[in-house]
Amino acid sequence: MEGLPNTPPEERAAQACLACRKQKRKCDKALPTCTLCSRMKRVCNYTDSGSPNGDELALLRDKVQLLEARLESVSVPTDSVSQESLRWSPASNAASISTSGGASFPSVFFLDTELFNRIHGSIPKPQISVPAVLKASLGTVVDIQAIISAYFASVHDWLPMVSKTRLHRKLSNAFPELSADLVLLLASMKMIISYPQAGIHPADAPLYRTVKQFLATVEIGGLLTIHVLQSALLIAAYEIGHSIYPAAHLSTGQCARLGQVLALHDRHNSPAVLTKPATWGEGEENVRTWYAVLILDRYVNIGSYGHPLSSGEFHRRAVLPCEDESFDRGEITPSQPIFVSSPTSVKAGAYARICQAAHLLGQVISHRDDRDIESTFRFTSAMQIHATSDALSKVLADEFKHSPGKLSTALALLYTARLSLYDPYACTGTNHGDNTVEETQMQEIAIKGLLENAQDIVEFSHILRNHLGFDISSVSPLICDCVYQGAANFAWLRRENGDPQADMAFRILMDFLDLINTRWRVAGEYSKMLEISEEKIYASAG
């Protein structure tokens, strides 16, 4: 290698020194100290410690992360920084805000928005230090590239809100210095692609705790960007996927508030922190990020009654996300309105289908929780929602067979919406009716809908399981509720009439939840709920 002295072979070590091997640098093996270690003024060690295997490395990484999370501050020795490591600006051993006198966000923006506009107020971008433990968790440039690749090959399938082209462009422009919001996003990506570790509850995972804490630091510091919201959404999705409550419910509401502050819900009538999108790609990413808020907000309200949606309704003038492959390539493509009076020729991508299913789920939740609606109109409204869901179901079921990985979340949310709609109307004791014709019609629809959709969910699980094979990294946690509701219906059926086919379907869905549990712990919680229902409720009823 040019620049290294020619050391006679008899004066060289048999192998490269530990420091050069660790940093993957060319070592001239000079004795007693190699040239690079001599120049760096560090100890040169030629001891052969052996290379750890993959399991040992994984264990060592886990131990390092656990120890780092317990330290209030850590120092990163300069002699252990690889040539591929990043520089961080500003650097610090603890999260802090580089402003005097507290947060830098102008409070007048919230206290008197009219005054803020009249004085042409501006919102500075604060400089926030990145905790050393967070830096260490991301590793080198190569490590970050691996995180991004794994994220876009898995989570991006069911929550495609981050622009792949824009992220790569930002990273290439930012290297070797990364802003706090980019670091937060990358760390959130690493967190959500990680499988649960044996013996450690996901709520106690060191990286989750560190990312959550840094999000609070960023918010206190007044750093409000699209990447901060995307990070908050990944944290909420992680909490939903691992059944970390009440954190999941609270985090989702926090995302809604943050999105509203960024005026993503209504840019035309709300004061905005973000500047107007400069490109089509930026605008599309904003739209997709707000839809992620709407989707998660509806999902966390499925099983709990009476909580208003934090994100509000879908805007009537809103357009659906564009076709996903075009978005990933950064290609400008048309989008169709979420509310259309007639069919269009614009192709709806998987994320657009997820949004349509989430919109329908929101209608079901609002309908379910509206206790003031007049009785007759309640049943008429329920039948209208059923008709809309029936039409979407026919389209999605066919599309799902051709692309099960991409469309599983949309179809699962639709099943969840339909079962949640039918459940209270299947029984005269829970439908709040007055023995009207509409009540009888809706009860007939509900009973038939429960049976048919539960059976459809079994087929759904077969197709998706065959598609996933042994790699379930891309499976969405948002499919778990529909599997749970399907299994609950079969548990009810086998209890009512001892149907062996219902028993077999129940066991198929329980096995599917057990498989998903290796990726998302919420599946295990649903399994426990089904077991509790069997042991406590159905047993006592029998």
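Residues numbered from 1 in each chain as written. Predicted model: local features only at pLDDT ≥ 70, side-chain atom pairs only at ≥ 80, totals over all residues. Heavy atoms only, no water.

1. Topic: the UniProt feature "domain: Zn(2)-C6 fungal-type" (unreviewed entry) in the chain
Line of reasoning, step 1. Here the UniProt feature "domain: Zn(2)-C6 fungal-type" (unreviewed entry) sits at residues 16-46.
Line of reasoning, step 2. Secondary structure over residues 16-46 splits into 39% helix and 0% strand, and the C-alpha atoms at its two ends are 7 Å apart. (UniProt positions renumbered as here; feature names shortened; annotations may be inferred. Helix = DSSP H or I, 4+ residues; strand = E, 2+ residues; numbered from the N terminus.)

2. Some thoughts on the pattern of salt bridges
Line of reasoning, step 1. Going through the model one piece at a time under the given rule, you end up with 16 salt bridges.
Line of reasoning, step 2. For glutamate 399, the salt bridge goes to arginine 353, with nearest N and O atoms at 2.9 Å. Here the residue glutamate 399 occupies a position in helix α17 (residues 375-402), and arginine 353 occupies one in helix α16 (residues 350-369), the gap between them amounting to 46 residues.
Line of reasoning, step 3. For glutamate 399, a relative accessible area of 22% puts it in the partly exposed group.
Line of reasoning, step 4. On the basis of relative accessibility, which here comes to 12%, the residue arginine 353 falls in the buried class.
Line of reasoning, step 5. Salt bridges sharing common partners tie together Glu284, Arg288 and Asp324. (Salt bridge = Lys/Arg side-chain N within 4 Å of Asp/Glu carboxyl O. Buried < 20%, exposed > 50% of the residue type's maximum accessible area, 1.4 Å probe, protein only.)

3. Details of the nonpolar core
Line of reasoning, step 1. In terms of nonpolar packing, the biggest core is built from 144 residues, with Tyr151, Leu167, Met189, Ile192, Leu234, Phe460 and Phe490 touching the most fellow members.
Line of reasoning, step 2. When residues are assigned to domains, this core turns out to be shared by domain 2 (125-307) and domain 3 (312-539), each giving three or more.
Line of reasoning, step 3. Ignoring any residue separated from it by four or fewer positions in sequence, one finds isoleucine 192 in contact with Tyr151, Val155, Trp158, Leu234, Ala237, Tyr238, Arg519 and Trp520.
Line of reasoning, step 4. Core analysis: the next-biggest nonpolar cluster, separate from the first, contains 11 residues, Ala13, Ala19, Cys34 and Tyr46 among them. (Core = buried A, V, L, I, M, F, W, Y, C linked by side-chain atoms within 4.5 Å. Domains from an automatic or database assignment. Contact = heavy atoms within 4.5 Å.)

4. Structural notes on the packing of aromatic side chains
Line of reasoning, step 1. For the coordinates displayed, the defined rule picks out 12 aromatic pairs.
Line of reasoning, step 2. An angle of 90° between the planes, with centres 5.8 Å apart, marks the rings of phenylalanine 105 and phenylalanine 109 as edge-to-face.
Line of reasoning, step 3. The class of phenylalanine 105 is buried, set by a relative accessible area of 16%.
Line of reasoning, step 4. An angle of 25° between the planes, with centres 5.1 Å apart, marks the rings of tyrosine 208 and tyrosine 238 as stacked. Here tyrosine 238 lies in helix α12 (residues 226-241) and tyrosine 208 lies in helix α11 (residues 206-220), a separation of 30 residues in the sequence.
Line of reasoning, step 5. Judged by relative accessible area, which is 6%, tyrosine 208 ranks as buried.
Line of reasoning, step 6. Ring-pair connections join several aromatic residues into one group, and the members of that group are Phe105, Phe109, Phe110 and Phe116. (Phe/Tyr/Trp six-rings, centres within 6.5 Å; stacked < 30°, edge-to-face > 60°.)

5. With respect to the packing of α17 against helix α19 (residues 437-468)
Line of reasoning, step 1. Their axes nearest at 11 Å, the elements α17 and α19 cross at an angle of 20°. With respect to each other, α17 and α19 are oriented roughly parallel. In this structure, α17 crosses over α19, and the sense of that crossing is left-handed. Between α17, through Thr376, Phe379, Thr380, Ala382, Met383, His386, Phe400 and Lys401, and α19, the contact on the second element is made entirely by Glu438, Glu439, Gln441, Met442, Ile445, Glu459, Phe460, Ile463 and Leu464.
Line of reasoning, step 2. Tallied by class, the residues present in the contact of α17 with α19 amount to 9 nonpolar, 4 polar and 4 charged. (Axes fitted to C-alpha atoms, helices over the stretch in contact; angles between N-to-C directions. Parallel < 35°, antiparallel > 145°, perpendicular 65-115°, else oblique. Left-handed = near helix turned anticlockwise from the far one by under 90°. Nonpolar A, V, L, I, M, F, W, Y, C, P; charged D, E, K, R; others polar.)

6. Here's the deal with the environment of proline 196
Line of reasoning, step 1. Within the fold, proline 196 resides in the loop between α10 (180-193) and α11.
Line of reasoning, step 2. Taking C-alpha positions, proline 196 is 6.7 Å from arginine 519, a pair spaced 323 residues apart along the chain.
Line of reasoning, step 3. Residues contacting proline 196, with those up to four places away along its chain left out, are Pro202, His242, Thr518, Arg519 and Arg521.

7. Re α11
Line of reasoning, step 1. Over its 15 residues, α11 extends 21 Å from the first C-alpha to the last, a length consistent with the 21 Å expected when each residue adds 1.5 Å.
Line of reasoning, step 2. Turning to α11, its buried residues are Pro206, Leu207, Tyr208, Thr210, Val211, Phe214, Leu215, Thr217 and Val218.
Line of reasoning, step 3. Just downstream of α11 lies glycine 222, where phi reads positive at about 80°. (Expected span 1.5 Å × (residues − 1).)

8. Comments concerning helix α14 (residues 280-299)
Line of reasoning, step 1. Its 20 residues give α14 an end-to-end C-alpha distance of 29 Å, which sits within 8% of 28 Å, the value for a rise of 1.5 Å per residue.
Line of reasoning, step 2. Of all 20 residues making up α14, 18 are buried, and the element is well covered by its neighbours.

9. Side note on unusual backbone geometry
Line of reasoning, step 1. With an omega of 5°, the peptide bond running from leucine 31 to proline 32 counts as cis.
Line of reasoning, step 2. Of note, proline 32 is situated in the loop between α1 (18-23) and α2 (35-40).
Line of reasoning, step 3. Geometrically, the link from tyrosine 245 to proline 246 is a cis peptide bond, its omega value of 10° lying close to zero.
Line of reasoning, step 4. Residue placement: proline 246 occurs in the loop between α12 and α13 (247-261).
Line of reasoning, step 5. One non-glycine residue, alanine 263, adopts positive backbone phi at about 65°.
Line of reasoning, step 6. Assignment of secondary structure puts alanine 263 in the loop between α13 and α14.
Line of reasoning, step 7. The class of alanine 263 is buried, set by a relative accessible area of 1%.

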